[in-house]
Amino acid sequence: MNMLFKINERDNCAVALSELKKGSNADGVTLLDDIPFGHKIALSDIKQGERVIKYGNPIGFAVCDISAGAHIHSHNLKTLLNENAEYSFSSDNEYSPEISDLTFMGYERDNGEVGIRNDFWIIPTVGCVNNLCRRLEAEAQKLIDERITSVKALTHPYGCSQMGEDCENTQKALAALANHPNAGAVLIVSLGCENNNLKEFVPFLGEINNDRVKFLVAQDEEDELEAGIALIRQLIAYASSFERKPVNISRLKIGLKCGGSDAFSGITANPLCGRIVDKLTHCGGSAVLTEVPEMFGAEHLLMQRSENESVFDKTVKLINTYKNYFISHKQTVYENPSPGNKAGGITTLEEKSLGCVQKGGSAVVTDVLDYADPCRSNGLSLLYGPGNDIVSTTNLAASGVHMILFTTGRGTPLGAPVPTLKIATNSALADKKNNWIDFNAGALLEGVDFDKATDLLLKQIIRIASGTQTKNEILGNFDLAIFKNGVTM
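The structure contained in this document is the topic of the report that follows. (Residues numbered from 1 in each chain as written. Predicted model: local features only at pLDDT ≥ 70, side-chain atom pairs only at ≥ 80, totals over all residues. Heavy atoms only, no water.)

1. Looking at the packing of aromatic side chains
Under the counting rule described, the total for this entry stands at 13 aromatic pairs. Taking 5.7 Å as the distance between ring centres and 55 degrees as the angle between the ring planes, the aromatic pair formed by Y322 and F326 counts as tilted. On the criterion of helical spacing, the pair formed by Y322 and F326 is a turn pair, its members being four residues apart in helix 7 (residues 309–328). Looking at F326, the relative accessible area reads 17%, which means it is buried. Among the aromatic residues, those joined into a ring-pair cluster are F296, Y322, Y325, F326, Y371, Y384 and F483. Looking at K152, its charged tip hangs above the ring of F478, at a distance of 5.6 Å from the centre. (Phe/Tyr/Trp six-rings, centres within 6.5 Å; stacked < 30°, edge-to-face > 60°. Helix = DSSP H or I, 4+ residues; strand = E, 2+ residues; numbered from the N terminus. Buried < 20%, exposed > 50% of the residue type's maximum accessible area, 1.4 Å probe, protein only. Lys NZ or Arg CZ within 6 Å of the ring centre and 35° of its normal.)

Next comes the structure, spelled out in structure tokens:
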């Protein structure tokens, strides 16, 4: 069995498939250092200033001479990236999906949209009514039957004392969640005096179905709990009228997210998701890729796949706007890998990004979305937003994705308001945290080929779209956080 994994024939480094000891021989290379599991080893001598190649692309430069068999990490590898990258458009890329007979069992909504859950959501306009929403959630649990898939109070600390863009981000995100087709019915709960009061918030909702969405203003009611329960009864009655029906896979929208990456994220779980994206978008479905900081260093690969020059220009703006966000806060753009990432073997941002963008496969980039914008195109869309796990999964849910494929090499119980399918990058994690992990991509390191793994994961995605719960749903784990940038009064 191989001890090292070389990703691309151009690479001058490989990844250790287990903890390796100094002096041992690994696939013909004598080790000069102890090599932790998932870390990089030099396959040939690399001179100071030369580029270290992984995924067939540079991941940084050697700050000193690195001998074959040596450990490559933060002590001898530095990023090549800087804030002043220039981009140029190359050519159009045709997106021409084909009709598929693949289906899932979904809920067709009155407005023509499709959901994969028939949830009842309670959404506060402001954090002041969070506890009221939790009490209403508990009361709603007593009133539902199997026709309602779950009740969720989407509590958060926002909606007041926010200014400008922060307030608008809150309004956009909450309105987008209220319009999400996974929710068969929604109760929006306001305190009454908050910045995000109903007069300010309702315009963000657009056209609504008054049977599906109802409003409670706590300050206007003598008994807000009693008034809320009365509205809940009406909303549950409406949502209970929906039944699952066969829906073509072209109507499915998936979000893509990685959290707690390790050296195998870009080798197993992320490229596996990329194959799913390629299959889904080929069938006319939609995928959304976010975490803009984790595109830095690999953005040129996404830009090369722009459907046309307009999409290319939007992608350049997406990248540069986020770089300016870092710079405006006097933060270094290219110091992203977290301590957990580094412990897992990732050294530079371009290394992390080259692994992260594998989730987008080779799909044509057809659209670029602002924060919490709805996904409006088939194919692959890029969504403005940070990499933070809770913020980015909330952002993806607000964009309208039905479920999120969440790859992880470190493990997390986190869930979004939509089903969040956890994909482990390695078998040790999948075995240890079976209560968190839905799919083990680590099997790819143990002889399972990509075609078989892709087929297995696609079947699981269809089962989840048709009602099978993800681990985060079983555990009742879902969180919400909204992108915040400005002043709090």
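2. Section: the sheet that holds strand 6 (residues 51–54)
One open sheet holds the three strands; their spatial order is 6-7-9, and the pairing between them is antiparallel. In this open sheet, the two edge strands, each paired with only one partner strand, are strand 6 and strand 9 (77–78). As judged from the four bridges shared by strand 6 and strand 7 (residues 57–62), these two strands associate in the antiparallel manner. Residue pairing in the sheet places R51 in a bridge with F61 of strand 7. With respect to the sheet, helix 9 (residues 349–356) is in contact with strand 6 and strand 7, its orientation differing from that of strand 7 by roughly 165 degrees. (Pairing = 2+ DSSP bridges. Contact = heavy atoms within 4.5 Å. Axes fitted to C-alpha atoms, helices over the stretch in contact; angles between N-to-C directions.)

3. Some words on helix 9
Most of helix 9 sits inside the fold, with eight of its eight residues counted as buried. For helix 9, every residue scored as buried is listed here: L349, E350, E351, K352, S353, L354, G355 and C356.

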